[in-house]
Amino acid sequence: MRAVVLEEFGGPEVMRLGELPRPQPGPRQLRVRVRAAALNRGDTVQRSGGYPLPPGIKSPRMGIEVAGEVEAMGAEVRGFTPGQRVFGLVDGGGYAEACLMEQGMAIPIPDGWSFVDAAATPEAFITANESLLELGGLRAGQSVLIHAGGSGIGTACIQVARAVGAKVFFTVSTEEKRRRCLELGADAGVLRTERNFAREVPALNGNAGVDLVEDFVGGAALERNLSVLKFGGCLLLLGMLEGMSAELDLRQVVMRRLQLKGMALRPLPPEEKAAVTRRFRERWLPELVAGRMRPIIDSTFPLERAADAHRRMESNASFGKIVLEV
């Protein structure tokens, strides 16, 4: 099969198409004929050599969410048939004509959905549900600040937060992204390139802080993220794009009863990934099927142009998900 392979770490130019044997499914796995695979920031970090793979990950290759057709099944798989259209999270290897998917993470593609829409959905909406609702406990009447509001996860988080009745603030890098986030239902946004969100967001929220902050930046924004929280507020850390470490004023945490929680999907064991998939299917898939929310697609690229897709993501010009069509 054709697959994107890395022979060294570096920029997008190190990616190339190669030929690999088709993977053989284990007892509870599906082999999916991949038709579309969505990009994630973790892919670009992995490509550059800055992402040590979590223990237990079977595939060291890029691509963690795909859509396609069931091509083969393990002996213990139940409820799926060859040729059935499915989508979901995978351990890796999605940038290829075929990859393996655990049975518990496979979701039938709803009628009328394209492979591109399906591939762009699971990581963003599962992350939004697990971070905002399961970890953060976000509920109606509360407020949240979502960084990188124009990212795939950011656009999903805006829609999920609005659906539960929360007040939604966000940061973005351009006026065009700010406008589009407002169209998704957010209340107000801050251009991080021009304004200090730690001052602007409380002012936008009636001179109060927010209940939750959803952050992908990491150490560089830690102090400002904590300062923008209300008493008892929670910082949800999902990424470390601008720093693995930072000084922390523990008095701020103790005296204001703040919480700091981290989350990542890829290190979870298969049974936990099956559980987060089930929660997504029960709570948000019906909303997506009904059209009350949707994955936001920035652009698509053929598999052989995976390097260009990575360049698009690293330019920070994209709004929503970038998807490879296979």
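Let us look at the structure shown here. Since the model is a prediction, treat every value here as computed from it, not as a measurement.

**Overview of helix α9 (residues 270-283)**
Item 1. If you check α9, its first and last C-alpha atoms are 20 Å apart, about what 14 residues at 1.5 Å a residue would give, namely 20 Å.
Item 2. Along α9, the positions that sit buried rather than exposed are K273, A274, A275, V276, T277 and F280.
Item 3. Where α9 is buried, its residues contact β5 (85-89), β7 (107-108), α3 (122-135) and α10 (285-289).

**Considerations on helix α1 (residues 41-48)**
Item 1. By the burial criterion, the buried members of α1 are D43, T44, Q46 and R47. The arc that holds every buried residue of α1, seen down its axis, measures 160°, which confines them to one face.
Item 2. For α1, the elements touching its buried residues are β1 (2-6), β2 (15-19), β3 (29-38) and α11 (306-314).
Item 3. Note on α1: the residue one or two positions beyond its end, G49, has a positive phi of about 95°.

**Description of the sheet that holds strand β13 (residues 259-262)**
Item 1. Taken together, the six strands give an open sheet; going across it, the order is β10-β9-β8-β11-β12-β13, and neighbouring strands pair in parallel fashion. With one partner strand each, in any of the chains shown, β10 (188-191) and β13 form the two edges of the open sheet. On average, each strand axis in the sheet is inclined to that of its neighbour by 15°, with strand direction left out of account.
Item 2. Summarising the sheet, strand β8 (residues 143-146) and strand β9 (residues 167-172) pair through four bridges and their orientation is parallel. Among the inter-strand pairings, I146 is bridged to a residue of β9, identified as F170.
Item 3. Against the sheet, helix α5 (residues 175-183) makes contact with β9 and β10, and its axis sits at roughly 160° relative to β9, the strand it touches most.

**Digging into the packing of α1 against α11**
Item 1. As a packed pair, α1 and α11 sit with axes 10 Å apart at the nearest point and diverge in direction by 110°. Classified by the angle their axes make, α1 and α11 are roughly perpendicular. Between α1 and α11 lies a crossing of left-handed hand. In contact with R41, D43, T44 and R47 of α1, α11 contributes H310, M313 and E314.

Analysis parameters
Residues numbered from 1 in each chain as written. Predicted model: local features only at pLDDT ≥ 70, side-chain atom pairs only at ≥ 80, totals over all residues. Heavy atoms only, no water. Helix = DSSP H or I, 4+ residues; strand = E, 2+ residues; numbered from the N terminus. Expected span 1.5 Å × (residues − 1). Buried < 20%, exposed > 50% of the residue type's maximum accessible area, 1.4 Å probe, protein only. Contact = heavy atoms within 4.5 Å. Arc of directions from axis to C-beta. Pairing = 2+ DSSP bridges. Axes fitted to C-alpha atoms, helices over the stretch in contact; angles between N-to-C directions. Parallel < 35°, antiparallel > 145°, perpendicular 65-115°, else oblique. Left-handed = near helix turned anticlockwise from the far one by under 90°.

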